[in-house]
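Structural features, examined
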Amino acid sequence: DKAPLSKSLLLVLSAISILLTLLFQHYQKFFAYNLQAIKEDFQIWRLVCGRTICLDLKDTFCSSLLIYNFRIFERRYGSRKFSSFLLGAWMLSALFDLLLVEITQYIFGITINSLPSGFLGPVFALFVPFYSSIPRVQVTQVLGHFSITNKSLVYILGLQLLTSGSYIWILALSGLISGICYNSSILKVHRILCVPRWVAKIFSWTLEPVFSSAEPTNEVRVGMGATVDIQRQQRMELLDRQIMMSQVAQMRRQRQQQGGMINWNRLFPPLRHRHNANYQDHRPSEQGIPPPTEVSEEQVARLMEMGFSRGDALEALRASNNDLNVATNFLLQH
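The rules behind the values
- Residues numbered from 1 in each chain as written.
- Predicted model: local features only at pLDDT ≥ 70, side-chain atom pairs only at ≥ 80, totals over all residues.
- Heavy atoms only, no water.
- Helix = DSSP H or I, 4+ residues; strand = E, 2+ residues; numbered from the N terminus.
- Buried < 20%, exposed > 50% of the residue type's maximum accessible area, 1.4 Å probe, protein only.
- Contact = heavy atoms within 4.5 Å.
- Phe/Tyr/Trp six-rings, centres within 6.5 Å; stacked < 30°, edge-to-face > 60°.
- 1 Å grid on protein atoms, 1.4 Å probe; cavity = no way out; pocket = protein on both sides within 12 Å on 5 of 7 lines; lining within 4 Å.
- Points joined across faces, edges and corners; volume = space filled by probe spheres on them.
- Nonpolar A, V, L, I, M, F, W, Y, C, P; charged D, E, K, R; others polar.

**Describing the overall build of the protein**
- Scanning the protein for helices and strands turns up 19 helices and four strands.
- Counting the 334 residues in the protein, one finds 37% classified as buried.
- Look at the contacts in the protein between residues 6 or more apart in sequence, and 69% of them connect residues 24 or more apart.

**Comments concerning the packing of aromatic side chains**
- For the structure shown, the criterion picks out ten aromatic pairs.
- Centroid distance Phe24 to Tyr27: 6.2 Å. Interplanar angle 55°. Geometry classified as tilted.
- Judged by centre distance (5.6 Å) and plane angle (75°), the ring pair of Phe130 and Tyr155 falls under edge-to-face. Remark: Tyr155 occurs in helix H9 (residues 152-162) and Phe130 occurs in helix H8 (residues 127-133); sequence separation between them is 25 residues.

**Some details on the side chain of Ser117**
- If you trace the backbone, Ser117 turns up in the loop between strand E2 (114-115) and helix H7 (120-125).
- Residues in contact with Ser117, not counting those within four places in the same chain, are Phe31, Ala32, Tyr33, Gly50, Ile53, Cys54 and Leu55.

**Quick notes on the layout of surface pockets**
- Taken as a whole, the second largest pocket holds about 770 Å³ of empty space.
- Around the second largest pocket, the lining is made up of 23 residues, and of these Leu5, Ser8, Ser83, Val195 and Phe203 lie nearest the centre.
- The set of elements that each furnish at least two residues to the lining of the second largest pocket consists of helix H1 (4-22), helix H6 (79-108), helix H12 (197-206) and helix H13 (208-211).
- Split into classes, the residues belonging to the lining of the second largest pocket amount to 16 nonpolar, five polar and two charged.

Written out as structure tokens, the structure reads:
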């Protein structure tokens, strides 16, 4: 839902790859990423065909799963911005592929005539925003030392894709470099390599109705209350959540610009002792201080999804007596 571009990439690229592998094997030569033919015979069209369709079903499977997991960026940024990232990463990674091959030949004396085919450069480039912008939430621990998070499966898929071929590390490295360059605010690549608005509108009119998905039926729609008052209350709650998320993003940007940490010792004493009658003197006795509150990991994870650090979330929940609303409001205001 709300990710037509990711769905189209997953279905179309996978279908063509399967057809070429099972039925039309004699056409695979046109989709080979042959660097020698590109440099010596000037077959530039191979940069398009060879860097779009996977000829190995293992690479097709892993890249499809990664595209499915990275659909969160299309939902977060919109199809136009997501397609601009893919286009920019695809073009930059093509340049870095050729540079890395030449560097490898110059330093190690290894001549590389071909690379694995497929839409691998942009897929590896998506690991850059995935690492930097998706919060890490611990799910469980293995053997008491190894943490399993919500991002572990994606990294395992990337490692599996990285080890599927001999020279695929070149595609991975060029993809990561292109993702860093595109996300860099210094190089301003995102302003140059972007999809024009008129092109995005054409695709939204033609392809989006074909690949768009219906809203999941298991999600409760807003306005399904039994009375008008309940419907109005549900809409107000949705509006409050949207405003809260925008405030979270604004406060996170300000905190990153300032580079400072919240002084919890200065801000939280009124909140910690709001139920203490001795707080009027600003000197609560040790007997009146309640014991530390046990914090729910689920509520910590919800605050971390909003962009706050784990330490801030733990301190806020302890200080607010494990009240998620109070902790959220306090973090937003400070």
